[in-house]
Amino acid sequence: MNQSFLKYKQNILRGTSIVCLFIIWWLLAEVGLKSDLLGFDTTRWPTAWQVIQAGHNLLTEQLSTMIRHIGSSLYRVLVGFILAAILGVPLGLGIGWNQIIRDLTFPIIEILRPIPPLAWIPVILIAFGTNTTMIFITFIGAFFPIVLNSILGVHSVEEVEVRAAESLGADGMMVFKEVVIPKALPSIFTGLSVGMGIAWISIVAAEMIAGNYGLGYFIWSMYNTLNYSQVVIGMILLGILGYLCSTIIRYLGVKLTPWTKFQGGDK
Amino acid sequence: MIEFKNVDKIYQTPEGEPFPAVKNISLTINEGEFVTILGPSGCGKSTSLRMLAGFEKPTSGEVLIDDSPVGEPNSNRAVVFQDNSALFEWKTVKENVMFGPLACGKDPAEAKEIAEKNLALVGLLDHLEQYPAQLSGGMQQRVLIARALANNPDILLMDEPFGALDALTKTLLQEKLLEIWQESDITIYFITHDVEEAVFLSQSIHVMTAHPGSIKQSWENNLPYPRDLELRESEEFRNLKNEVLEAIYEESVTAAQQKIAQII
């Protein structure tokens with residue numbers, strides 16, 4: 001079978017998959033699954049058409065409010081995430097490479113790590129107020145995966161690589177800069193990408209609970225005012241933003257670790 | 001001059017038991033000499049190299065270079081490792097070879113020049129900008145050699161550098177290595193389990209006993225350089241090879257028995 005036919009077949013299958021999603025949506029919203037006994041009714045869901053209309057409305061009549069919601073969420077995620085990266089990557093590298101740093105900081109991390117980000121909301125809220133709380137929640141969500149993957153990255157450094165560097169005349173600093181950091185980089189980017197995902201999860205939930213702006217808050221307040229089409233718009237916007245953010249991270253990862261695309265394949 | 005004087009190396013097993021890796025090695029290597037160390041697997045060949053490189057200290061005895069004990073690893077003693085995971089996978093071929101000169105304080109332009117010179121020596125000028133993962137096993141091994149030579153070391157330590165290569169690539173690299181050695185005054189400490197390789201390359205051959213390793217027997221190899229494929233067919237070559245083979249065969253049997261005893 002030739003290449004273009006396979007490609008064609010693949011596109012057909014993928015297109016079918018998306019069409020199926022819309023058909024299932026339409027069936028659930030229009031025809032519906034209902035049971036009084038079990039207490040569910042999917043006809044309360046908006047149809048795709050209602051969602052498109054709502055989207056049009058929001059974009060034309062409430063554009064500035066929407067921009068503010070999007071902007072708040074994006075700002076909180078990015079500030080929290082960047083702080084987590086700035087602190088988490090060096091800390092993870094330090095913990096992975098240096099016994100003293102590890103003994104000093106790892107116990108704290110291990111105690112705090114199992115606490116879900118959202119459980120922090122009340123204690124941060126009483127001391128710092130809403131906006132800082134939102135940033136802190138995304139920070140804490142992104143921080144741990146970034147630290148842990150940075151540590152793992154350092155642990156992927158093999159003894160023979162350090163030996164090689166030493167016998168080529170490298171001192172400790174050069175080993176760290178030229179061997180440990182680049183070797184850890186792919187794993188660091190895995191951490192950044194996971195951290196970005198968790199930052200978004202955390203911000204939506206946090207805004208639902210305690211926000212006064214942002215897409216999580218928007219979804220929740222639309223739900224409370226029975227504007228279900230708007231809820232779906234919020235979901236779609238979150239999907240797009242999350243996708244964009246992880247695409248940027250992936251792009252940076254590929255740019256900064258060009259060697260990884262040759263690995264794992266046939267030599 | 002390199003001297004091993006009654007060197008013992010005893011490791012600790014995870015259970016805390018002492019595990020003697022090498023026992024009472026005494027060995028003298030002259031400046032500029034090409035020495036091969038042969039032995040059954042697990043006999044402590046690599047341990048001897050690690051002590052010479054400075055990665056590990058002997059438990060007792062001394063490893064001396066020009067009468068002073070071996071210290072921390074340094075650029076006078078370059079190591080060509082057994083497997084290509086010693087290459088810096090995140091650096092291009094050229095950057096890998098530049099690493100040593102840069103570590104020794106050369107400026108980037110000079111390091112680049114040195115790298116290119118050494119890569120030309122092993123025939124890799126066409127691959128400067130590639131990453132190790134893009135190269136074949138034989139090419140990766142050549143990068144390792146070029147990288148080790150870039151610091152102009154006095155001693156080259158090679159730990160089964162051609163062990164994983166196909167026969168043809170191996171032969172080509174052996175000849176290349178001899179060429180490089182003859183044009184320099186470098187001392188080569190070469191570990192292998194391939195008797196033919198040892199006889200082809202070196203001036204003296206030392207066979208180690210099965211674990212714990214000590215020197216069982218040594219040969220001067222007076223076959224004339226430059227050595228080539230024809231030499232491998234000669235009678236002197238085959239005689240020496242057979243003698244060495246016999247010695248190593250006995251030790252391999254002992255090593256195999258030890259392994260079986262361990263399993264039982």
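In every chain, residue numbers begin from 1 and rise along the written sequence. Working convention: letters from A go to chains and numbers from 1 go to ligands, in the order in which they are written. Owing to the predicted nature of the model, reporting of local features is limited to residues with pLDDT of at least 70; listing and counting of side-chain atom pairs is limited to 80 or more, with chain, interface and lining totals taken over all residues. Excluded from the side-chain calculation are hydrogens and water; included are all heavy atoms of the structure.

1. Here we look at the packing of helix α8 (residues 172-210) of chain A against helix α9 (residues 215-224) of chain A
All names here are of chain A.
Logical step 1: Angles shown run from 0 to 180 degrees and are taken between the N-to-C directions of axes, each axis being a line fitted to C-alpha atoms and, for helices, limited to the stretch in contact. Counting from the N terminus, the helices are the DSSP runs of H or I reaching at least four residues and the strands are the DSSP runs of E reaching at least two. It is the contact of α8 with α9, at a shortest axis distance of 7 Å, that shows an interaxial angle of 50 degrees. When the axis of α8 is compared with that of α9, the two are oblique. Relative to α9, the crossing made by α8 is right-handed. In contact with V204, E207 and M208 of α8, α9 contributes L215, G216, Y217, I219 and W220.
Logical step 2: Here the contact of α8 with α9 is built from residues that sort into 6 nonpolar, 1 polar and 1 charged. An angle counts as roughly parallel when it lies under 35 degrees, as roughly antiparallel when it exceeds 145, as roughly perpendicular when it falls between 65 and 115, and as oblique in every other case. Should the near helix be turned anticlockwise from the far one by less than a right angle, the crossing is termed left-handed; should it be turned clockwise, right-handed. Contacts are assigned to residue pairs that have any heavy atoms within 4.5 Å of one another. Ten residues, namely Ala, Val, Leu, Ile, Met, Phe, Trp, Tyr, Cys and Pro, are considered nonpolar, four, namely Asp, Glu, Lys and Arg, are considered charged, and the remaining ones, Gly among them, are considered polar.

2. Considering helix α7 (residues 159-167) of chain A
All names here are of chain A.
Logical step 1: Of all 9 residues that make up α7, 7 are buried, and the element is covered over most of its length.
Logical step 2: Regarding α7, the residues found buried are V160, E161, V162, R163, A164, A165 and S167.
Logical step 3: Once α7 finishes, G169 follows within two positions and takes phi at roughly 100 degrees, a positive value. The buried label goes to any residue with under 20% of its type's maximum accessible area, the exposed label to any with over 50%, and the partly exposed label to all in between, with areas taken from a 1.4 Å probe on protein chains only.

3. Some points on the packing of aromatic side chains
Logical step 1: Two rings from Phe, Tyr or Trp (for Trp, the six-membered ring) form a pair when their centres sit within 6.5 Å of each other. Planes less than 30 degrees apart are called stacked, planes more than 60 degrees apart edge-to-face, and all others tilted. Counted by the stated rule, this structure contains 16 aromatic pairs over all chains.
Logical step 2: Relative to A:W25, the ring of A:F22 lies with its centre 5.8 Å away and its plane at 35 degrees, an arrangement referred to as tilted. Of this pair, A:F22 and A:W25 both sit in helix α1 (residues 3-31), 3 residues apart, roughly one helical turn.
Logical step 3: Measuring from ring centre to ring centre gives 6.2 Å for A:F136 and A:F139, while their planes differ by 40 degrees; the resulting arrangement is tilted. Residue A:F136 and its partner A:F139 are both found in helix α6 (residues 130-155); the two are separated by 3 residues, about one turn of the helix.
Logical step 4: Residue A:F136 is classed as partly exposed on the basis of its relative accessible area of 22%.
Logical step 5: Assessed through its relative accessible area of 14%, A:F139 is described here as buried.
Logical step 6: An aromatic cluster is built from A:W120, A:F136, A:F139, A:F143 and A:F144, whose rings are joined through pairwise contacts.
Logical step 7: Any Lys NZ or Arg CZ that is within 6 Å of a ring centre and within 35 degrees of that ring's normal is treated as a charge sitting over the ring. It is B:R147 that lies over the ring of B:F88; its NZ or CZ is 4.5 Å from the centre.

4. As for the sheet that holds strand β2 (residues 18-29) of chain B
All names here are of chain B.
Logical step 1: What the 4 strands build is an open sheet, ordered β2-β1-β4-β5; its pairing is antiparallel. The outermost strands of the open sheet, each flanked by one partner alone, are β2 and β5 (68-69).
Logical step 2: By the convention used here, strands pair only if DSSP detects at least 2 bridges between them. Here strand β1 (residues 2-12) runs beside strand β4 (residues 60-65); their pairing, made up of 5 bridges, is antiparallel. Across the sheet, residue D8 finds its bridge partner in β4, namely S60.
Logical step 3: Its contacts with the sheet put helix α1 (residues 45-53) on β1, β2 and β4, and the angle it makes with β1 is roughly 115 degrees.

5. Side note on the domain arrangement of chain A
Logical step 1: The domain limits used here are those given by an automatic or database domain assignment. Here chain A is partitioned into domain 1 (1-30) and domain 2 (57-259).
Logical step 2: Using C-alpha coordinates to define each centre, domain 1 of chain A is positioned 33 Å away from domain 2 of chain A.

6. Some remarks on the environment of A:E207
Residue and element names in this part refer to chain A.
Logical step 1: You can see E207 is positioned in helix α8.
Logical step 2: In this structure E207 comes out as buried when scored by relative accessible area, which is 0%.
Logical step 3: In this structure E207 touches S72, S73, R76, M134, Y213, G214, L215, G216 and Y217, once residues within four positions along its chain are discounted.

7. Overview of the interface of chain A and chain B
In many analyses, interface size is given as the accessible surface area lost on bringing the parts together.
Logical step 1: With 22 residues of chain A at the contact, the number on the chain B side is 28 residues.
Logical step 2: By definition, the buried area sums, over both parts, the 1.4 Å-probe accessible area that each loses when the two are put together. Of all residues in chain A, the largest losses of buried area upon contact with chain B belong to A:S167, A:L168 and A:F262, amounting jointly to 28% of the total for that side.
Logical step 3: We define a salt bridge as a side-chain nitrogen of Lys or Arg found within 4 Å of a carboxyl oxygen belonging to Asp or Glu. The interface formed by chain A and chain B includes 3 salt bridges.
Logical step 4: In protein, a polar contact requires one atom able to donate a hydrogen and another able to accept it; more generally it is a pair of N or O atoms within 3.5 Å, and residues adjacent in sequence count only if both atoms are side-chain atoms. Where chain A touches chain B, the interface holds 6 residue pairs in polar contact (both at pLDDT 80 or more).
Logical step 5: Only α7 and α8 of chain A provide two or more residues apiece to the side of chain A that touches chain B.
Logical step 6: Looking at the side of chain A that touches chain B element by element, the count peaks at 8 residues for α7(A).

8. Description of the packing of helix α4 (residues 99-112) of chain A against α6(A)
Helices that pack against each other are described as a pair by the angle of their axes relative to one another and the distance between those axes.
All names here are of chain A.
Logical step 1: The interhelical angle for the contact between α4 and α6, taken along N-to-C directions, is 135 degrees, at an axis separation of 11 Å. On the basis of their axis angle, the class for α4 and α6 is oblique. Considering how the two elements wind past one another, α4 and α6 form a crossing that is left-handed. Every residue of α6 that contacts α4 at R102, F106, I109 and L112 is listed here: F144, V147, L148, I151 and H155.
Logical step 2: Looking at the contact of α4 with α6, its residues break down into 7 nonpolar, 1 polar and 1 charged.

9. Quick look at α1(B)
Residue and element names in this part refer to chain B.
Logical step 1: By the criterion of burial, α1 is predominantly enclosed, with 7 of the 9 residues buried.
Logical step 2: If you check which residues of α1 are buried, you get K45, T47, S48, L49, M51, L52 and A53.
Logical step 3: Taken from the residues just after α1, G54 is the one with a positive phi, measuring 100 degrees.

10. Concerning the nonpolar core
Logical step 1: Buried Ala, Val, Leu, Ile, Met, Phe, Trp, Tyr and Cys residues that are joined via side-chain atoms within 4.5 Å together make up what is termed a nonpolar core. One finds B:F4, B:L52, B:F99, B:L156, B:L177, B:I188 and B:Y189 to be the most contacted residues of the largest nonpolar core, which totals 144 residues.
Logical step 2: The leading source of residues in this core is α8(A), at 17 residues.
Logical step 3: Those residues within four positions of B:F4 in sequence are excluded, and the remaining contacts are B:I25, B:S26, B:L27, B:S48, B:L52, B:E62, B:V63 and B:Y189.

11. Digging into a negative patch on the surface
Residue and element names in this part refer to chain B.
Logical step 1: Here the term patch refers to residues with relative accessible area over 30% and no salt bridge, with like charges joined within 9 Å and nonpolar side chains (Val, Leu, Ile, Met, Phe, Trp, Tyr) within 5 Å. Note that accessible areas follow from Shrake-Rupley with a 1.4 Å probe, and for residues the cover is restricted to the protein chains shown. Charged-residue counts in this description rest on Lys and Arg as positive and Asp and Glu as negative, His and the chain ends being excluded. Throughout, a charge is located at the NZ atom of Lys, the CZ atom of Arg, the CG atom of Asp or the CD atom of Glu. A surface patch of negative charge is lined by E31, D66, D67, D154 and D185.
Logical step 2: Tracing the chain through its elements places D185 in the loop between α5 (167-182) and β8 (187-192).
Logical step 3: Judged by relative accessible area, D185 falls into the exposed class, the value being 67%.

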